[in-house]
Amino acid sequence: MMEERRTVTALLLLVLGHLTTALEVPLDLSQPPTITHQSPKDYIIDPRENIIIHCEAKGKPHPSFSWTRDGTHFDIDHLSNVNMKQRSGTLVVDIRNDKAEHYEGTYQCTARNDHGTALSHNIVVRQSRSPLWSKEKIKPIVVQEGVPLVLPCRPPAGLPPPIIFWMDNNFQRLPQSRRVSQSLNGDLYFSNVLRADSRNDYICYARFPHTQTIQQKQPITVKVLNRKYQHDLILSLRSFYGFSERRPTFLTPSGQSSSKVVLRGQVLEMECIAEGLPTPEISWTKVSGELPAERTSYLHYQKTLRIVNVSEADAGEYRCIARNELGSVHQTIHVAVKAAPYWISGSPKNLILAPGENGALTCRASGTPKPAISWAMNGVPIENSPNDLSRRVDDDTIIFTNVQTGSSAVYQCNVSNEYGYLLSNAFVNVLSEPPRVLTPAHHVYQVIKNHQALLDCSSFGSPIPEITWFKDSRASTLDGEPYKIHDNGTLEIHGSQTRHNGKYTCVAKNMLGISENHVYLEVKEPTRILKQPEYKVVQRGRDAVFECKVKHDPTLIPTMTWLKDDDELPDDERLVVDSDSLTITDVTDSDAGVYTCIMNTTLDQDSASAELTVVEATPTPPVVYELPDAPTDLELTEQKKRSVQLTWTPGDEHNSPIESINYLLNLSLYPLQPLTANQSNGPGLYYRVMWRQKGVESDWTAVPVRNASKFVVSGTPTFAPYELKVQALNDHGAGPEPDVAHGYSGEDLPLAAPDNVQVQVISSTQAAVHWDAVPAKLLRGHLKGYKVYYWKERGLHKHNHHHEEKQILTFGGNHTHGKLPGLHPFSLYSCHVRVFNGKGEGPPSPIQPFETDEGVPGAPSSLVITDSNVDSLTLEWSPPHDRNGHITGYTLKYHPVNNTHALGPLEELALPSNETSVVLVNLKYSTRYKFYLNAKTKIGAGPPISQEAVTIMDEGKTATLEESANWHKELVNGSDNFVVKGLKAGVSYWVRLVASGQSDLPLQACFTLSPAVASRQVDIATQGWFIGLMCAIALLILILLIICFIQRNKGGKYPGEERGCHTDPEFQPMKEEDCTFGEYSDNEDHKPLKGSRTPSNGTVKREDSDDSLVDYGEGGDGQFNEDGSFIGQYSGKSEAPSPVNAMNSLNSFV
């Protein structure tokens, strides 16, 4: 009974099939809601951003929206931070003052209007999580050489799951091989350990892709003991592993068999990791069939088998085999394929019915196990909905008969099993609408001759209107070849011809009315290149002309474009483009390449290419040769009994000098008659040209040719092999039977692109490209070779700018691989391959992207020294412009340099990648340092940038001195001061005072030119130490006056008068703030006693400085002359000014 019922239902569906075609209801007509956009079922959100849950719908009237959360009404009116967009159901949750986890749950959107209610699927909102690794103390692992080892990772559970990788302390990926590899769960497996595996930085990293955060496990220390280490330990381990070679055993999975369940459409990954000595090799087979080659790949050195887009046919037994020299072991994996529900013939379609019509909604889906199907109407289970006599539910189908106005509703079909569910909305809209044609009126369609024409007639009506087409007058409907009317009303015309030009009328008709629309068809002549550019070999300095004559439809506007190597022509005035040619004057080597002319119209295009080869000027022979053309205008003159003279016009040499000429003399047995220019061996000379296609059973086709030396065979297929014969005949009969020649018909552009293009990155600057050869039948010409087009899309580092430069490598002959040199490290490249023949290039292969490996970085962009203190200075730098990878750190090296350029001890400092400055402390004052800074990636260190700096004497003032600094020199004669002009305020300057002709070190000082503002110096007159000093000096002077007064009264002489009491004046040091020198009073008129010292205005403490001019001379007796130069040692009797007087002249700079 059940089977009979299903048969009746199936027959009814066939009858109703033409009524269930899905139509798009115009929005100005009443219709139930339709969900147009919604968030995914599993919606993982970023806890740092606002939550946006999408729900968009259309309908007439426009629907209203509401939400449920975890099955209950979600009242957004009482939540100030939750808003719904206008005329939309999309929720926006502001989490600035809240936590995202408070809004986790299962959400469902409802859109309703007067004609029904539509539901979204359940949207499970969860926030992404990247938890920290639990703190643990990992003990060092000590193992014997040769044994297997597993380093566990066990990352924290995140959402979504993290990506696992192993690195060392320097952020370098740990090398993996057949012996050492990472498993699917992230553990690191050693089939056998070596002493080289000893290290203390096995670090497992977990990268959480949603938040782009990385968590790190505590480093694991592994120590591998030598076999000869500790005899007791060797004996205890020998019983378990032994140190001799051993057969493989599986580390994972355990046992002899295992099982795995995978869902249809997902990825199946199975792994087998074995230990043994030597290291085992892994291979895979499918016991119950063949592996799907196009969907199968191997990872982790054959240890992982990966099958994408799994289907039910992939279920069965798989076997992995581990094998080494001592034996093998296998593991059987039983794979079961389950399936979440999926549509068989698509989701249910909207149904538009007129009152009294019949129809059906079908919800046909499958799954493993078989899914259950349930129906709802306007969001309410259909069994709880009001009874409707026009509706009957039959499992996965709802059948409607004799529907009436008011029966419009939205029906939900829910298909579910234990692995998932499908929810689809489909409405039934009961309307009575006369036809309307939606295609714009009087639209003009243009099509190229012999191409397909499609004339649209989009319509709507209820009942569904019937479409008919007419051309020009309505004498008859268009039906049958070459016309075809599609279900959507479109008229198709196969192979349009000129006779199909004209006016077409589309008529839509139902019981409520009729509507028509007029459109027009114009059939255009195709665009064709009549004379194509030809391959040219041109000597350097000469001109090259490529012709490109085109025929096109006169009503279409053509556009001629020339390309060089598939790119725009260079902006060079030597390249002149005319209406039908390209002229290159004064050819250079850079002009060599492939030139393409493209004629575009609004409907079609045609193109042709030719190559230009530039060769050396004569006498150097050209690189490429062509056969010379045949001679023309052959004549026989001065005929004698035993001789005849031949004259002819030479053919084009094609840059290949003619070395010899061969001629053939055919003597007939018949008596010779006088010969003329048009006769040979007799009157009535003509030729019989014969040909037939090779490899095809056919007779020779023969054509007589008179008064011509060539004949064109038309109507031949492209590049087909032919056998050719040409026989001479005259009035006396036929000449000798000619030999058969072999040739090909004309070439055309290749039809296919190379398949299976693969790129293997060899290094950071080189990659290998492999491709499959194009089949000979698709070449349509003589194979010349392959061209690889490749270009840089962008750098992989976020700071690298987009940069694209196309390059071409040509591989002659039947090459199927090649290498791409000169690539930029750490960059994204794209490439495609084209085959080319004598006619030109074929279509490109699909673009193949590839990424180059990291390389060493360039030098840092800049290095400057700033912010110096007493014993420290700050270095600041900018990252390299060419990073060529992820910068893992910087290395700073520096050492002092003395005046003889001898180098002091080298200091080295490792700096992290996220720093661009460093403060160096404990430096020596008045010392020159040289610094070297380079950046590092995981590949290695790049070139350094260097800089020098000198710390200034006294309180750590430093300034950088470039080795290449240009000193401005001025000669100062007869003066103890000099004014430098043209300086800028706020800029630091160095000043050196050098004695002419002396080898002494120069007197050197720095200063900064300050703006004209009030000084903020401390008033020294208020300082206690200064007042005390003045009092002591005054007391000393008073005592000396008393002594002198007593001596004079006694008539004695003051010893100073004999010796000239002139002591060595002190040097006043530089000011601390601005590198200027303190003032010094040397006016003899103000000295209370000759030889005594009067203090300066006191801006620097005497005891704070241990520097003086003595440090720059031979001894304490050096001083300056009035012209600023050094003089010899002075006598105590001399009255020359103090060296400080010379230094005082520097104050004029401040």
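- The name given to the protein chain in an unreviewed UniProt entry is Neuronal cell adhesion molecule, with Neogobius melanostomus as the source organism.
- In its Sequence similarities (unreviewed entry) section, the UniProt record describing the protein chain reads: "Belongs to the immunoglobulin superfamily. L1/neurofascin/NgCAM family."
- Recorded under Subcellular location (unreviewed entry), the UniProt text for the protein chain is reproduced unchanged: "Cell membrane".

## Observations regarding the pairing of strand β56 (residues 605-615)
Each regular strand displays side chains that alternate between the two surfaces of the sheet.
Right, on to step 1. Pairing geometry for strand β48 (residues 536-539) and β56, over four bridges, is parallel. Within β56, the position partnered with V537 by the bridge is T613.
Right, on to step 2. Both strand β55 (residues 593-600) and β56 contribute to a ladder of eight bridges, which runs antiparallel. In the sheet register, G593 faces β56, and the bridge partner there is L612.
Right, on to step 3. Taking the residues that link successive antiparallel strands as the turn, the β55-β56 hairpin has four residues.

## Regarding the packing of aromatic side chains
Right, on to step 1. Applying the stated criterion to the full structure yields 15 aromatic pairs.
Right, on to step 2. Aromatic side chains Y829 and F850 sit 5.6 Å apart centroid to centroid with 15 degrees between the ring planes, which places their arrangement in the stacked category. Of this pair, Y829 sits in strand β69 (residues 827-837) while F850 sits in strand β70 (residues 848-851); the two residues are 21 residues apart in sequence, bridging distant segments of the chain. In terms of burial, Y829 and F850 fall into one category: buried.
Right, on to step 3. When the ring centre of W700 is taken as reference, the NZ or CZ atom of K725 above it lies at 4.4 Å.
Right, on to step 4. The lysine or arginine in question, K806, covers the ring of W791, its NZ or CZ lying 5.3 Å from the ring centre.

## A closer look at the nonpolar core
Right, on to step 1. Counting 30 residues, the largest nonpolar core has I51, I53 and W67 as the members making the most contacts within it.
Right, on to step 2. Those elements giving two or more residues to this core turn out to be β2 (42-45), β3 (51-53), β4 (55-60), β5 (64-69), β8 (91-93), β9 (105-113) and β11 (123-127).
Right, on to step 3. Ranked by residue count, the leading element in this core is β9, at three residues.
Right, on to step 4. Counting residues in each nonpolar core, the second largest holds 20 residues, with W133, L174, L188 and F208 among its members.

## Quick notes on the pattern of salt bridges
Right, on to step 1. A complete count under the given rule lists 31 salt bridges for this structure.
Right, on to step 2. Between E525 and K449 there is a salt bridge, with the nearest N and O atoms lying 3.9 Å from each other. Taken as a pair, E525 in the loop between β46 (513-524) and β47 (528-531) and K449 in the loop between β39 (443-448) and β40 (453-455) lie far apart in primary sequence, 76 residues in all.
Right, on to step 3. The class of E525 is partly exposed, set by a relative accessible area of 32%.
Right, on to step 4. Note on K449: relative accessible area 24%, which makes it partly exposed.
Right, on to step 5. Where E841 meets K787, a salt bridge forms, and the shortest distance between an N and an O atom there is 3.2 Å. Of this pair, E841 sits in the loop between β69 and β70 while K787 sits in strand β66 (residues 783-795), placing them 54 residues apart in sequence.
Right, on to step 6. The buried category is assigned to E841, whose relative accessible area is 12%.
Right, on to step 7. Via salt bridges that share partners, D566, K787, R834 and E841 belong to a single interconnected network.

Each value, and the rule that gives it
Residues numbered from 1 in each chain as written. Predicted model: local features only at pLDDT ≥ 70, side-chain atom pairs only at ≥ 80, totals over all residues. Heavy atoms only, no water. UniProt positions renumbered as here; feature names shortened; annotations may be inferred. Pairing = 2+ DSSP bridges. Helix = DSSP H or I, 4+ residues; strand = E, 2+ residues; numbered from the N terminus. Phe/Tyr/Trp six-rings, centres within 6.5 Å; stacked < 30°, edge-to-face > 60°. Buried < 20%, exposed > 50% of the residue type's maximum accessible area, 1.4 Å probe, protein only. Lys NZ or Arg CZ within 6 Å of the ring centre and 35° of its normal. Core = buried A, V, L, I, M, F, W, Y, C linked by side-chain atoms within 4.5 Å. Salt bridge = Lys/Arg side-chain N within 4 Å of Asp/Glu carboxyl O.

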